[in-house]
Amino acid sequence: MITELNNQNNFNKYRYLLVDNLVALNSINPLSHDSLLNLFGEDKLFGEQKLTQVLRTDLDYDPSICPTLIKLAEPNEFLDSPLLDEVGKQAKIESFWSKRYICAYIVSPLKPSLLAKQLITIGNNIAKILQQPYYPFFEPFRMQFLQEVATNQDTAWLKSQFAQIENYYYPSIHAGQFIRFTADSELETPDRWSLHYCQRLKHFKMIRTLVNVWANNRMQFDEQKNLLLNHQVILQSTQLVEQAYQLGLTEATDILFWGLNGLRYQTAFTKHPKVLEQIAKAQEEPSTLSKHVIDANINLESQSLSINE
């Protein structure tokens, strides 16, 4: 990331790290709030500080839990900090945490105080559309979900909100590797997210849970041990969760069972006649889909290798 943040497009801008204080790291961690205060803390009555709280509207009653914007380098200042190595390590560790500390690297011409206000404005603009607090850039999974699941027009709308952010890099679920948020600048920008994408957001928590459970448990299966996590796992999980609801499954345990087996066996599970026969039973008696599938003695193991070859 040092090379990326020092490249020609970024060098003449401010470069920042955004962290979320809703996650508390051990105080001895070099990235913890206490460590950052010791490293960057300044007693300034006026002027820009290296640590700036982003007082998001839904949390400003307690600034200590609001995100922190860390100024890593000023315009035309070469960035060479060992802190970035720690950021990479931490991003990898928390790839599948439900709430993550490392949010993003941000490149902007705006000074810290102005960028902090701009981030709040973007979040408030989204909240007005969804009629609930929504700050996707404080949750990397939401950014990755948007970029992989939404249409190009939906992505372009958020990009239009980032008018004063030159570049935005968020840590992905793939070992914390940072992804640059991009959108097609030639598209006509809509005035809001599409109804379809807003509908998908209603199942967001279930989708994230499915992705995390699969990622944390899939290695117990022999056919998965030598495979990297599928780069379409978020899209696949979205489709499986939506499919479960369409089939009339309503309980989280049934939806997760459907999704996990769908990710493992794909259509060999989701289109298996005997599996589909068990759906009606789970509709009548929620949280029993796994029991009915097991009791039906459906053998999927023989198909798993051909599916994943």
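Okay, so let's go over this structure. (Residues numbered from 1 in each chain as written. Predicted model: local features only at pLDDT ≥ 70, side-chain atom pairs only at ≥ 80, totals over all residues. Heavy atoms only, no water.)

As a further point, take the overall build of the chain. Of the regular secondary structure elements, the chain holds 15 helices and 6 strands. Over its C-alpha atoms, taken along the principal directions, the chain stretches across nearly 70 × 40 × 40 Å. Sorting the 309 residues of the chain into buried and exposed places 49% on the buried side. Expressed as a percentage of contacts within the chain between residues at least 6 apart in sequence, the contacts between residues at least 24 apart total 71%. When the accessible surface of the chain is summed, it comes to about 15,500 Å², and 49% of that surface belongs to carbon and sulfur atoms. Once the 28 positive and 34 negative side-chain charges of the chain are each reduced to a mean point, those two points are 1 Å apart. (Helix = DSSP H or I, 4+ residues; strand = E, 2+ residues; numbered from the N terminus. Buried < 20%, exposed > 50% of the residue type's maximum accessible area, 1.4 Å probe, protein only. Contact = heavy atoms within 4.5 Å. Areas by Shrake-Rupley, 256 points an atom, 1.4 Å probe, with all protein chains shown as cover. Lys, Arg positive; Asp, Glu negative; His and termini not counted. Charge placed at Lys NZ, Arg CZ, Asp CG, Glu CD.)

What the largest pocket holds in volume is close to 350 Å³. Together, 18 residues line the largest pocket, and Leu-130, Gln-132, Pro-133, Tyr-134 and Arg-142 are the ones closest to its centre. When grouped by side-chain class, the residues that make up the lining of the largest pocket number 10 nonpolar, 1 polar and 7 charged. (1 Å grid on protein atoms, 1.4 Å probe; cavity = no way out; pocket = protein on both sides within 12 Å on 5 of 7 lines; lining within 4 Å. Points joined across faces, edges and corners; volume = space filled by probe spheres on them. Nonpolar A, V, L, I, M, F, W, Y, C, P; charged D, E, K, R; others polar.)

This brings us to the pairing of strand E5 (residues 167-171). Across the 5 residues of E5, 5 count as buried, placing the element largely inside the fold. Side chains Asn-167, Tyr-169 and Pro-171 of E5 all project onto a buried face; the interleaved residues Tyr-168 and Tyr-170 project onto the opposite face, where all are buried too. Pairing analysis gives 3 bridges linking strand E4 (residues 102-108) to E5, with the strands arranged antiparallel. Of the residues in E5, the one forming a bridge with Val-107 is Asn-167. In this antiparallel pair of consecutive strands, E5 and strand E6 (residues 178-180), the connection spans 6 residues, and Ala-175 shows a positive phi of 60°. (Pairing = 2+ DSSP bridges.)

Another aspect to go through is the nonpolar core. With 68 residues, the main nonpolar core has Ile-106, Leu-158, Tyr-168 and Trp-193 as its most contacted residues. At 8 residues, helix H4 (residues 112-130) tops the list of elements feeding residues into this core. Contacts of Tyr-168, omitting those with residues within four sequence positions, involve Cys-103, Ala-104, Tyr-105, Ile-106, Phe-137, Met-143, Phe-162, Ile-179, Arg-180 and Phe-181. Ranked by size, the runner-up nonpolar core spans 23 residues in total, among them Leu-36, Leu-83, Leu-84 and Tyr-169. (Core = buried A, V, L, I, M, F, W, Y, C linked by side-chain atoms within 4.5 Å.)

Attention shifts here to the sheet that holds strand E1 (residues 14-19). On the basis of which strands lie adjacent, the open sheet formed by 6 strands has the order E2-E3-E1-E4-E5-E6 and antiparallel pairing. Only two strands of the sheet have a single partner each, and these edge strands are strand E2 (51-53) and E6. Strand-to-strand twist of the sheet, defined as the mean angle between neighbouring strand axes without regard to direction, takes the value 25°. Direction of pairing for E1 relative to E4: antiparallel, over a ladder of 6 bridges. Bridge pairing in E4 places Arg-15 opposite Val-107. The sheet strands contacting helix H2 (residues 33-40) are E2 and strand E3 (68-73), and the helix crosses E2 at an angle near 130°. Sitting on the sheet, helix H3 (residues 83-93) touches E1, E3, E4, E5 and E6, and the angle it makes with E4 is about 135°. (Axes fitted to C-alpha atoms, helices over the stretch in contact; angles between N-to-C directions.)

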